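Observations on the model geometry
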There are 2 protein chains.
Amino acid sequence: MAYNYQLLLKHLLHQGLTWAPDQQIIYRDHVRFTYCSFYQRVLQLGGALESLGCGLGAKIGVIDWDSHRYLEMYFGIPGIGAILHTINPGIAPKDLLYTLVHAEDEILIFHEDFIPLVESLIPFLPTVHKYILIRDNPVAQTLGWVNLEYEELLANAIPLKELPDLDENTIATISYTSGTTGKPKGVFFTQRQLTLQTLSDAVALSALGNYGGVSKHDVYMPLTPMYHGHAWGMPYVATMLGLKQVYPGKYEIPRIIQLIIDEKVTFSHCVPTILQKIVGTPLVRDLDLSQWKVIVGGSALSKSLAIEASRLGIKVYGGYGLSETCPVLTISNLKPGMEAWNDEKKLDWMIKPGFTIPLVYLKVIDSNGKEVAKNGRDAGEILVRSPWCTQAYFKDVDLSEKLWDGDWLHTGDIGTIDEYGYIQIVDRFKDIIKTGGEWIVSLELEKMLSSFTGILDVAVIGIPDQKWGERPLVLMESRSGCMDDLTAENLKTHLQKYVLDGKLAAWAVPDFYACINEIPKTNVGKHDKKALRTLINQDGWLSEHIKLTN
Amino acid sequence: MAYNYQLLLKHLLHQGLTWAPDQQIIYRDHVRFTYCSFYQRVLQLGGALESLGCGLGAKIGVIDWDSHRYLEMYFGIPGIGAILHTINPGIAPKDLLYTLVHAEDEILIFHEDFIPLVESLIPFLPTVHKYILIRDNPVAQTLGWVNLEYEELLANAIPLKELPDLDENTIATISYTSGTTGKPKGVFFTQRQLTLQTLSDAVALSALGNYGGVSKHDVYMPLTPMYHGHAWGMPYVATMLGLKQVYPGKYEIPRIIQLIIDEKVTFSHCVPTILQKIVGTPLVRDLDLSQWKVIVGGSALSKSLAIEASRLGIKVYGGYGLSETCPVLTISNLKPGMEAWNDEKKLDWMIKPGFTIPLVYLKVIDSNGKEVAKNGRDAGEILVRSPWCTQAYFKDVDLSEKLWDGDWLHTGDIGTIDEYGYIQIVDRFKDIIKTGGEWIVSLELEKMLSSFTGILDVAVIGIPDQKWGERPLVLMESRSGCMDDLTAENLKTHLQKYVLDGKLAAWAVPDFYACINEIPKTNVGKHDKKALRTLINQDGWLSEHIKLTN
């Protein structure tokens, strides 16, 4: 009898549209239009997709840079009950192909920059029956295999009168984790999940936020890509709040800086690498960036980078989440009492990944499944619950069971939690060395060892051990001419200092040490431990290289 | 396999508790304790109620002033799946009895101020099997019929380890509308509904809010009672945000003012009458109230009162909702562009009931069911949808069908909507005069007539008319000695000015006028049109009194 109100993304759009119909949405220097026009385009997109036969559950792959079109697809594709498959164009083509096939995409919408990539994949994509091209530039060439162009599609569409009502548990998006171990894994989120994350994000950013919080006065520009974890859900937040939104296209630092200045951007989010690039650009030194709030996540925000950014007036703070969690779980909002702390102590907390946002439960458990002490030192795996965690890995029952073992989502991250409830990430679970029922945090050992004179870079991984399960193996790049000092004895003596200080357990001191020419790195500069494991698993490698055993 | 996360009130409590475990909750000058202790008491209450046999769906009536105990019951009663029945002690005892019997309350928890009231009802309450007394003062007397005292109940309880997981559609609260027409009507809300209202409220108050918004720095004190529409849901918001909370007990103006000053209260909500009493107290003139934000709703916030409050530094703005809607629907948040308006124009908008908060849909429809023009003049009935509207009137199918006629909740309020989307309430639907398929707003006619010299007070109601359905009847209290001027001809001439100005339709000018000694009023000073209708329906009353017909 009563209206059955479902939690749908269209309701967020409705709010922004009615609150701020004339507010602007901007794409680079190409496009500038209002929420009203935006909504019309969403209705056109919905109508167009329906006319192409897309209905409930149809998967539509998208490869684009951050754009107003992506925002249209954030609403328009789930808006008709179809599923938006956000695709990271930066992963290896074979992995990208795997995800397209695994997701069973029916339509592929892609930016002209990816024409060669998509063209190379066509023979291997049996489920895709429409290729839709997005162009920023005037038509340079027509391509026989392209069925439609995005703007043409919208222009010729019979717009929907409104977005339909749907069950809130309708899947809205799917995406794939980068697959640092094994195949990429599909995670998916419903309209309800995205709506709830948006509301909670908004509360955390505004009522609980730093620097006066995010509010109706902010101008938003994403700097974590829209293909990655819904750009941390912030385009949905910005739309609900009716904020001016700026989409920068492909991330090019000069253009990003220009947009921040020209459009008076006040709120963004990014990984440390992007922030580093921005603050490292000489021209920013002459600019006023004091209105710019930036949440930094994805990997640890270092204190030195935070200080460097703060000196330019940029207001940084940390955040944490993962693809499996939609993604936001924590933000480093300072509690009222903390604001009286001195600047350095405040900064120490603001660069942490932070405190759980509303509705999130988080616990850190040790190797015995018990919660660790809240002292900021004892580490354990971070387990979470929230209304927006992926309910499974797409089409993978075994991994889904592991993900949700014991009714909590296993983040795969090893962290600590301090007396105020703020977490810190110390390692990935798979990189932890499990020895004698206890854990050794590889990153901590690496940090301790890196201060030893003569070591250029160091990685610690676990190797099988009959008695202990695993034992740590230290792999070092040495500075030229320092090889002689790198004896097991010297290194152990070095580590004994930490043991005496209570910072390292005696049993955690490694027995095995090896030098290698170069520690393999991932494309974002982290140690590639997967490659390291492959290396040492080669027949005879260990017996040949472990020369420093005691 | 995955954790089935339900939207439950305990999650809001969890957030406030973990964010601000040492934050204070204060009750008058009696009690001051922390969120930690508060949570313990909620667990004790849950344990105690379970030991009394309360389970899923058990209804527990509560009669108390605004207190920390009420807050405990806001969480603890729904927390075990029982239903909190919030009771307005101010309604007529016969209506109060009706609601207790209709709700089938099993337990009644009541403040010592209501001992005589409750004692008088006992013989008529077959379903109540436990009477639990709340005392503020040392035991004065023991009462044979009281089974338990509240503090004793908590002290002797085996606290729950935690609040259980429940289905989010479990009913959490029930309350009764005041029943200005017919019997009181029961409205009820689920845990999901209250949780969603809380999240949306928080976004509207903070990210979209006026005066920098409500934030983690605020100190909250309710001034609309907790028995009425969940005190506008704000205790849930305050708890989720971990705010310092101040509960004033029975509303006594000097104590309220003292608490605002002593506890540095920064955020409240009230009806105009309470605000009027506060600003009318001489001692406030010497106080600094410039940190105090107050949402005013329940009835129209007059410009003069808003100006008076503003002069004292109080930051007022409007809000709107009804018992049927949990209650909040709109808040008069200024849009960014409006903040550049001059002070008077800003005030004009801030005293409106305001703009829809996130997830709310609102439309104003005329007598033909069409949406009225957004011009701030054309009036119609306000219909709404939100995820927190009562799904029915409790045990009343017919009224529920009317409430949700056409899939929209009929608020029963007549309002206008302006070009910015801000509503204004102009009348109650039942007081509108429906004539020849069109509507006449009784309050508008009254306003026009009240400026006629000689009229002390005036009420307009509809009377049955064979040709037109209804026609307006004007009932006047005359100033002494002015009776002679109150002719139908003079009054019509007076109204013709409004017709010429386009402010009144020619057909809306009433034909029937009558003088009466005194227009009956409700206990909040409004015209009691129900009593007026009873009066004129007396045999022969109309033919005897309508002397001024043309």
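Above: the structure in question.
Residues numbered from 1 in each chain as written. Chains lettered and ligands numbered in written order. Predicted model: local features only at pLDDT ≥ 70, side-chain atom pairs only at ≥ 80, totals over all residues. Heavy atoms only, no water.

1. Quick look at the interface of chain B and chain A
What counts is decided by this rule: Contacts are residue-level and defined by heavy atoms, with any inter-residue pair within 4.5 Å sufficient. Buried area counts how much accessible surface, traced with a 1.4 Å probe, disappears from two parts once they are put together, with both parts' losses summed. Salt bridges are defined by distance alone: a side-chain nitrogen of Lys or Arg within 4 Å of a carboxyl oxygen of Asp or Glu. We define a polar contact as two N or O atoms separated by no more than 3.5 Å, with the added condition that, inside protein, one atom must be a possible hydrogen donor and the other a possible acceptor, whereas residues neighbouring each other in sequence contribute only through side-chain atom pairs. Going along the chain from the N terminus, every DSSP run of H or I of four or more residues is numbered as a helix, and every run of E of two or more is numbered as a strand.
Each side of the interface is counted separately: chain B has 52 residues, and chain A has 53 residues. Regarding the contact of chain B and chain A, the summed buried area is about 4,800 Å², with carbon and sulfur atoms giving 66% of it. Counting across the chain B and chain A interface gives four salt bridges. The salt bridge involving Arg192 of chain B is made with Glu168 of chain A; its shortest N-O contact spans 2.7 Å. In this structure, the connection of chain B to chain A is made through 27 residue pairs in polar contact (both at pLDDT 80 or more). Broken down by secondary-structure element, the contributors of at least two residues to the side of chain B that touches chain A are helix H1 (9-19), helix H7 (191-206), strand S16 (355-356) and helix H14 (397-403) of chain B. Element by element, the count of residues in the side of chain B that touches chain A is highest for H1 of chain B, at seven residues.

2. Some remarks on the sheet that holds strand S7 (residues 148-149) of chain B
By definition, the strands of a sheet pair up through backbone hydrogen bonds, in either a parallel or an antiparallel sense. Residue and element names in this part refer to chain B. For clarity, the threshold we go by: The pairing criterion is simple: DSSP has to find at least two bridges between the two strands.
A sheet is described by the order of its strands in space; here seven strands give the open sequence S7-S6-S5-S3-S4-S8-S9, paired in mixed fashion. A single partner strand is all that each edge strand has here, and the edge strands are S7 and strand S9 (186-190). Looking at chain direction, strand S3 (residues 59-63) and strand S5 (residues 107-111) are connected through four bridges and run parallel. Paired with Ile60 across the two strands is Ile107, which belongs to S5.

3. Digging into the packing of aromatic side chains
As a reminder of what qualifies: When two rings of Phe, Tyr or Trp (its six-membered ring) have centres within 6.5 Å they constitute a pair, described as stacked for plane angles under 30 degrees, edge-to-face for angles over 60, and tilted for the intermediate range. A ring is scored as having a charge over it whenever the NZ atom of a lysine or the CZ atom of an arginine sits within 6 Å of its centre and within 35 degrees of its normal.
Within the structure shown, the criterion is met by 39 aromatic pairs over all chains. Ring centres of Phe355 of chain A and Tyr422 of chain A lie 5.6 Å apart, and the angle between their planes is 55 degrees; on these two criteria the pair is classed as tilted. Residue Phe355 of chain A is located in strand S16 (residues 355-356), and its partner Tyr422 of chain A is located in the loop between strand S19 (409-417) and strand S20 (423-428); the two are separated by 67 residues in the primary sequence. When the ring centre of Tyr211 of chain B is taken as reference, the NZ or CZ atom of Lys315 of chain B above it lies at 5.7 Å.

4. Thoughts on the side chain of Glu149 of chain B
Residue and element names in this part refer to chain B. Locating Glu149 in the fold gives a position in strand S7. Here the side chain of Glu149 touches Arg135 through a polar contact of 3.0 Å, side chain to side chain. Dropping the residues within four chain positions of it, Glu149 is found in contact with Ile132, Leu133, Arg135 and Val139.

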